[in-house]
Amino acid sequence: MKVFFPEVKEPIRYEGPDSKNPLAFKHYQANRKILGKTMAEHLRFAVCYWHTFKGLGSDMFGAPTMVRRYNASGDPMRIAEDTMHAAFEFFTKLGVRFWCFHDRDIAPEADTLAETNRRLDQIVKIAKRLQRETGVRLLWGTTNAFSHPRFMAGAATNPSPHVFAYAAAQVKKAMEITHELRGQGYVFWGGREGYDTLLHTDMRRETEHLARFLHMAVEHRRQIGFRGQLHIEPKPKEPTKHQFDFDAQSVHAFLIRHRLDGDFKLNIEANHATLAGHTFNHELEYAVAHGILGSIDANRGDPLLGWDTDQFPTDLYDTTLAMLAVLRGGGLKTGGLNFDAKLRRQSIDPVDLFHAHIGGMDAFARGLKIAAKILRSGKFEKFKSKRYAEWDTPFGRKIERGQVTFEDLERHTLAHGEPRQQSGRQEMLENMLNEFIR
Ligand code: XUL
Ligand code: CO
């Protein structure tokens, strides 16, 4: 069998925090139990196909910088087959148990939809066998309905119903192969579902079409007996000036308005959160608070750059607060932590892919360990419940239950005068957090 990553001979092992080996885990111990589950069960790491295997370092100013052995043949279908083998070699050497893909990542598009689908079937057969042989599973599949020029004005929100139909046919097939590969979920990221200018955009009509499209997807899921979780991945801008799936809260409102909230959860991406002017933590807390956290795209942006840089996560505050939200929400069920992240353009060697993923996995493993410690200490939970304690008095309860009117509250205020104030203790709490993160 061909070896595509000869620079890493053995599967990556855990060597502990004192190890100086760049090709070893310092914190991620797959089988170590934390709060009753193994780290692997909590974190459910996935490698993404698009950045990790198809990304070669090109940007809008320059050509690809990375050379990969699986592209050597020059023949598109041969490349697709070799890439699939390389991918499973990478998953097993790294020790991740899940992967994610877009339809067009795994097989190149042909001149007709029928031929494109035939190519997909050919590659899916290989993926299915490799999944069986390695035990690596599919976290989710998705459709790329944004790269081809036909989708320049969107897919489900395109002014042409024929493009809408093309996208539907593509999602239909992608959902079927995801089902075939026993995917645990299916993601809708609104590639170009948004606008570049309102001068030519009928916002109402486009968003209604998007809802129609998603209802059809729900129906097709039922028809084929696919049981994976459907997700929407919010993002506020890029590639369009305004993406309709702006952030967790606006997607939630959209789902409720169109009676889709029972069928979809969210796939929250760190860099999309910051693009929306939120923190990663904010988006996760929103999703957890409303029971709609499905999965996570783990990465980070650059605080000085205003675009989706998709860097590998390394910030311990981010990973700690993320894992705190996940644990409070009862953990990732069918979702996982998918590294939707890419190497910097100068990191040209295949070994850089290992460094990047090892670092991301260790950063989340540390975040998990710290978050578990925080939860076990009960310190923040205790502070919060004290802060809201007056809502647990008969007076507070009555308001919460809707048993009082403005008149009652006026009477109460006239009788009791100025309310008691309490300190928010933000600085003390921030110091407390720092005590845990070390
Ligand atoms: C784009 C992005 C996508 C989705 C899948 O910003 O995050 O890769 O995760 O389509
Ligand atoms: Co993503």
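Small disclaimer: the values here were computed from a predicted structure and weren't measured.

## Re the overall build of the chain
Turning to step 1, where the next piece is worked out: Helix and strand counts for the chain stand at 16 helices and 14 strands.
Turning to step 2, where the next piece is worked out: Against the globule reference of 22 Å for 438 residues, the chain gives a C-alpha radius of gyration of 24 Å, in line with a compact fold.
Turning to step 3, where the next piece is worked out: For the chain, with 438 residues in total, the buried portion stands at 50%.
Turning to step 4, where the next piece is worked out: Pairs at least 24 apart in sequence give 77% of the contacts found in the chain among residues at least 6 apart.
Turning to step 5, where the next piece is worked out: About 22000 Å² of surface is accessible on the chain, with carbon and sulfur atoms providing 53% of the total.

## Section: the site of ligand 1
Turning to step 1, where the next piece is worked out: Neighbouring residues of ligand 1: Trp 50, His 102, Trp 189, Glu 233, Lys 235, Glu 269, His 272, Asp 297, Asp 308 and Asp 340.
Turning to step 2, where the next piece is worked out: Between ligand 1 and Glu 269, the relevant distance is 2.8 Å, taken from an oxygen atom to a side-chain nitrogen or oxygen of the residue.
Turning to step 3, where the next piece is worked out: With respect to ligand 1, the side chain of Asp 340 contributes an N or O atom lying 2.7 Å from an oxygen atom.
Turning to step 4, where the next piece is worked out: Protein chains bury 94% of the 300 Å² of accessible surface belonging to ligand 1 in isolation.
Turning to step 5, where the next piece is worked out: Residue classes in the shell around ligand 1 are distributed as two nonpolar, two polar and six charged.

## Here we look at the coordination of the cobalt ion (ligand 2)
Turning to step 1, where the next piece is worked out: At 1.9 to 2.2 Å from the cobalt ion (ligand 2) lie its protein donor atoms, namely Glu 233 (OE), Glu 269 (OE), Asp 297 (OD) and Asp 340 (OD).
Turning to step 2, where the next piece is worked out: Metal-centred angles of 80 to 172° between the six donor atoms at the cobalt ion (ligand 2) mark the site as octahedral.
Turning to step 3, where the next piece is worked out: Taken in chain order, the donor set of the cobalt ion (ligand 2) reads E-x35-E-x27-D-x42-D. With Glu 233 in strand β10 (residues 229–233) and Asp 297 in strand β13 (residues 293–297), this pair connects stretches of sequence that are 64 residues apart. Neither Glu 233 nor Asp 297 differs from the other in exposure class; each is buried.

## As for the domain arrangement of the chain
Accessible area lost upon the coming together of the parts is a frequently used measure of interface size.
Turning to step 1, where the next piece is worked out: Under the domain assignment, the chain is made up of domain 1 (13–377) and domain 2 (392–436).
Turning to step 2, where the next piece is worked out: Relative to domain 2, the C-alpha centre of domain 1 lies at a distance of 41 Å.

## A word on a nonpolar patch on the surface
Turning to step 1, where the next piece is worked out: On the surface, Leu 304, Leu 305 and Trp 307 cluster together into a nonpolar patch covering about 360 Å² of accessible area.
Turning to step 2, where the next piece is worked out: Of note, Leu 304 is situated in the loop between β13 and α11 (316–328).
Turning to step 3, where the next piece is worked out: Among the residues examined, Leu 304 registers a relative accessible area of 77% and is labelled exposed.

## Digging into the environment of Ile 123
Turning to step 1, where the next piece is worked out: Within the secondary structure layout, Ile 123 lies in helix α5 (residues 113–134).
Turning to step 2, where the next piece is worked out: Separated by 46 residues in the primary sequence, Ile 123 and Met 77 place their C-alpha atoms 8.6 Å from one another.
Turning to step 3, where the next piece is worked out: Residue contacts for Ile 123: discarding those within four places in its chain leaves Met 77, Ala 80, Glu 81, Met 84, Ile 106 and Ala 107.

## Here we look at the packing of aromatic side chains
Turning to step 1, where the next piece is worked out: Overall, the coordinates contain 25 aromatic pairs when judged by the stated rule.
Turning to step 2, where the next piece is worked out: Ring centres of Phe 188 and Phe 264 lie 5.8 Å apart, and the angle between their planes is 65°; on these two criteria the pair is classed as edge-to-face. Here the residue Phe 188 occupies a position in strand β8 (residues 185–189), and Phe 264 occupies one in strand β12 (residues 264–269), the gap between them amounting to 76 residues.
Turning to step 3, where the next piece is worked out: Under the relative-accessibility criterion, Phe 188 is labelled buried at 10%.
Turning to step 4, where the next piece is worked out: Each member of the aromatic cluster is reached from another via a ring pair, and the members are Phe 4, Phe 5, Tyr 49, Phe 53, Tyr 70, Phe 88, Phe 90, Phe 91, Trp 99, Phe 101 and Phe 354.
Turning to step 5, where the next piece is worked out: The ring of Tyr 166 has Arg 150 sitting right over it, with the charged end atom 3.8 Å from the ring centre.

## Observations concerning the environment of Lys 333
Turning to step 1, where the next piece is worked out: Mapping Lys 333 onto the fold places it in the loop between α11 and β14 (337–339).
Turning to step 2, where the next piece is worked out: What makes Lys 333 exposed here is its relative accessible area of 57%.
Turning to step 3, where the next piece is worked out: Only 3.4 Å separates the side chain of Lys 333 from the backbone oxygen of Gly 330, close enough to count as a polar contact.

## Comments concerning helix α8 (residues 248–257)
Turning to step 1, where the next piece is worked out: If you check which residues of α8 are buried, you get Ala 248, Val 251, His 252, Phe 254 and Leu 255. When α8 is viewed along its axis, its buried side chains cluster within an angular range of 160° and face the same direction.
Turning to step 2, where the next piece is worked out: Looking at the buried side of α8, the elements it contacts are α7 (203–224), β10, β12 and α10 (280–289).
Turning to step 3, where the next piece is worked out: Just downstream of α8, Arg 259 is the residue with a positive phi angle, here 55°.

Parameters at a glance
Residues numbered from 1 in each chain as written. Chains lettered and ligands numbered in written order. Predicted model: local features only at pLDDT ≥ 70, side-chain atom pairs only at ≥ 80, totals over all residues. Heavy atoms only, no water. Helix = DSSP H or I, 4+ residues; strand = E, 2+ residues; numbered from the N terminus. Rg over C-alpha atoms; globule rule 2.2 N^0.38 Å. Buried < 20%, exposed > 50% of the residue type's maximum accessible area, 1.4 Å probe, protein only. Contact = heavy atoms within 4.5 Å. Areas by Shrake-Rupley, 256 points an atom, 1.4 Å probe, with all protein chains shown as cover. Near = heavy atom within 4 Å. Polar contact = N/O pair within 3.5 Å; in protein donor to acceptor, adjacent residues only side chain to side chain. Nonpolar A, V, L, I, M, F, W, Y, C, P; charged D, E, K, R; others polar. Donors = N, O, S within 2.8 Å, 3.2 Å for Na, K, Ca; no water. Tetrahedral: all angles 85-135°; square planar, octahedral: opposite > 155°, others 65-115°. Domains from an automatic or database assignment. Patch = residues over 30% accessible without salt bridge, like charges linked within 9 Å, V, L, I, M, F, W, Y side chains within 5 Å. Salt bridge = Lys/Arg side-chain N within 4 Å of Asp/Glu carboxyl O. Phe/Tyr/Trp six-rings, centres within 6.5 Å; stacked < 30°, edge-to-face > 60°. Lys NZ or Arg CZ within 6 Å of the ring centre and 35° of its normal. Arc of directions from axis to C-beta.

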